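Breakdown of the fold
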Amino acid sequence: MRIGLVTGPWIPVPPATYGGTERVVDTLARGFAAAGHEVLLAAPADSTCPVQIVPGMRPTDYGGLGTTLAELSHVARAYEELQDVDIIHDHTLAGPLYLHRPAGVPVATTIHGPIHAQAADIYRAVARKGAVIAISRDQASHAPDLPVTRVIHHGMDLSRVPVGTGKGGYLCFVGRSCPDKGLLEAITIARQAGMHLKIAVKMREPDEVRYFRDVIEPMLGPNEDFVGEVDDARKYRLMGEAMAFLNPIQWSEPFGLVMIEALATGTPVVGTSIGSAPEIVDHGRTGFLGGTAELAGLVPAAATLDRAACRKDVEDRFSAERMVGEHLELYADLVAGRIVPGVPHHSRVHQNR
């Protein structure tokens, strides 16, 4: 197949640090190419993913993050150059509604964020003429009337992730500087558990900086080690030497990519049982889930879990190969006309143990 992939204009593919969606698209693009398909990637011009970058795209526009004007301009340029493909997989919000998409070419889109009321309105419109992919069963459950074509969990390239020893004698937290990610709760949990906490956070947006300055920084003491935003190599070392990874999220996160990253390094996850977490963490085997108040008491048990089992679970359920294969199956069904827009199909998601 000749596959067109579209991402937003704000972060290159792959991202240097933060960028979950772009990380997933990079994995897909590489996997499709390795499987013998031709890939055209409509992403910022400075992207370094080793596939053909659609010509005419602008460089990364991080300053315009989230703005409609930047996204629409990017989408218009992308679709202009994707007229001669077999299928388009659009990871933007506006793109699947673009008026001038190529006639007869199926378009699939992945919902990367929460399906609140406004998002549900958009994706119901998208579903009339295209395929809609959810990234977890929990995400799809928030809009039961939305015809989701397939639920496909994220996956990752495990060849890039070393397995750590877990002997660093600390807990770690990796995420954004915001209340939803549970950084404040992680600090409290680590202190209650009597464990040192290493913190790596993205802190670029004004609200992220304010939250850190006003709420987190006054809390930091000798028990915490703030290491800032890290690249993949440093992140995997940080996770791999941790006794456990803290993920006390305070919102229904559609898919916690950071959890499978931690598990891939062999590190068990201790987090709240919210959103997609129960679909990712095998409670009692690869980590522990519970209410925020319970988590400190679960940390000692997490240290006794089999790190090899954590890695094996990611290999079995969250590999790049599995994610790429499920997408290619969907694309083949779309190209062959076996999927009717607006009609949900059975998911192939691995059932949680």
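Residues numbered from 1 in each chain as written. Predicted model: local features only at pLDDT ≥ 70, side-chain atom pairs only at ≥ 80, totals over all residues. Heavy atoms only, no water.

Re the sheet that holds strand β5 (residues 107–110)
Condition: In short, DSSP must find at least two bridges between two strands for them to pair. By the criteria applied, helices consist of DSSP H or I runs no shorter than four residues and strands consist of E runs no shorter than two, each listed in order from the N terminus. By definition, residues are in contact when any of their heavy atoms lie within 4.5 Å. For helices, the axis comes from a line fit to the C-alpha atoms of the stretch in contact; other axes are also lines fit to C-alpha atoms, and the angle between any two N-to-C directions lies between 0 and 180 degrees.
Within the open sheet, the 7 strands sit side by side as β3-β2-β1-β4-β5-β6-β7. Their pairing is parallel. On the outer flanks of this sheet lie β3 (52–53) and β7 (150–151), each paired with one strand and no other. Sheet topology note: the strand β4 (residues 87–90)/β5 ladder contains 3 bridges and is parallel. Counterpart to Ile88 in the pairing with β5 is Val107. In this fold helix α12 (residues 320–335) packs onto β1 (2–6), β4, β5, β6 (131–134) and β7, with an angle of close to 130° to the strand it touches most, β4.

Details of the nonpolar core
The condition is simple: By nonpolar core we mean a set of buried residues, namely Ala, Val, Leu, Ile, Met, Phe, Trp, Tyr and Cys, connected to one another through side-chain atoms within 4.5 Å. Each residue is assigned to one of three classes by its accessible area relative to the maximum for its type, calculated with a 1.4 Å probe on protein chains only: buried under 20%, partly exposed between the two thresholds, exposed over 50%.
Among the nonpolar cores identified, the biggest contains 55 residues, and Leu5, Phe32, Leu41, Met156, Met239, Phe245 and Ile280 are the most heavily contacted of them. For this core, the leading source of residues is helix α8 (residues 257–264), giving 7 residues.

Examining the packing of α8 against helix α11 (residues 307–317)
Keep this limit in mind: Relative orientations are named as follows: roughly parallel for angles under 35 degrees, roughly antiparallel for angles over 145 degrees, roughly perpendicular for angles from 65 to 115 degrees, and oblique for any other angle. Amino acid classes used here: Ala, Val, Leu, Ile, Met, Phe, Trp, Tyr, Cys and Pro are nonpolar; Asp, Glu, Lys and Arg are charged; the rest, including Gly, are polar.
Relative orientation of the contacting elements α8 and α11 amounts to 125°, with a least axis distance of 7 Å. With respect to α11, the element α8 is oriented oblique. Residue-level inspection shows Ile260, Leu263 and Ala264 of α8 in contact with α11, the latter providing Cys310, Arg311 and Val314. The residue inventory of the contact of α8 with α11, partitioned by class, reads 5 nonpolar, no polar and 1 charged.

Remarks on the pattern of salt bridges
Just so we agree on the cut-off: Criterion for a salt bridge: a side-chain nitrogen of Lys or Arg within 4 Å of a carboxyl oxygen of Asp or Glu.
Summed over all chains, the structure comprises 24 salt bridges. Notably, a salt bridge pairs Asp157 with Arg160, separated by 3.2 Å at the nearest N-O pair. Taken together, the shared-partner salt bridges connect Arg23, Asp232, Lys235 and Glu261 into one network.

Overview of the packing of helix α1 (residues 20–34) against α12
Orientation of α1 relative to α12, taken along the N-to-C sense of each, is 75°, at an axis distance of 9 Å. In terms of axis orientation, α1 runs roughly perpendicular to α12. The segment α1 lies against α12, with Val24, Thr27, Leu28, Gly31 and Phe32 engaging Ala320, Met323, Val324, His327, Leu328 and Tyr331. Of the residues in the contact of α1 with α12, the class split is 8 nonpolar, 3 polar and no charged.

Points about α11
Let me state the cut-off plainly: For this analysis, a polar contact is any N or O atom pair within 3.5 Å, provided that within protein one partner can donate a hydrogen and the other can accept it, and provided that sequence-adjacent residues contribute only side-chain to side-chain pairs.
Taken together, the buried positions of α11 are Arg307, Ala309, Cys310, Arg311, Asp313, Val314 and Arg317. Two or three places before Ala308, at the start of α11, stands the capping residue Asp306, its side-chain oxygen 2.9 Å from that residue's backbone nitrogen.

Structural notes on the pairing of strand β8 (residues 170–176)
For the record, the criterion: Crossover handedness is defined here as right-handed if the route from the first strand over the helix to the second strand goes clockwise, with the strands pointing away from the viewer.
Within β8, 6 of the 7 residues are buried, leaving the element largely enclosed by the surrounding structure. Of the strand pairs in this sheet, β8 and strand β9 (residues 196–202) are connected by 7 bridges, and their pairing is parallel. Note that in β9 the partner of Phe173 across the bridge is Ile199. After leaving β8, the chain enters helix α5 (residues 183–193) and then returns to the sheet as β9, a path that is right-handed. Pairing between β8 and strand β11 (residues 244–247): 2 bridges, direction parallel. Each residue of the ladder has a partner; that of Leu171, found in β11, is Ala244.

Considering the packing of aromatic side chains
The test is simple: Note on aromatic contacts: the rings of Phe and Tyr and the six-membered ring of Trp form a pair at centre separations within 6.5 Å, being stacked when their planes are under 30 degrees apart, edge-to-face when over 60 apart, and tilted otherwise. Whether a charge lies above a ring is judged from NZ of Lys or CZ of Arg, which has to be within 6 Å of the ring centre and within 35 degrees of the ring normal.
Across all of its chains, the model carries 4 aromatic pairs by this definition. A ring pair is formed by Tyr79 and Tyr98, whose centres lie 5.4 Å apart and whose planes are at 45°; its orientation type is tilted. Of this pair, Tyr79 sits in helix α2 (residues 68–80) while Tyr98 sits in the loop between β4 and β5, placing them 19 residues apart in sequence. Take Tyr79: its relative accessible area is 0%, and that puts it in the buried class. Classification of Tyr98 by relative accessible area gives partly exposed; the value is 23%. In this structure, Lys198 packs its charged tip against the face of Tyr170, placed 4.5 Å from the ring centre.

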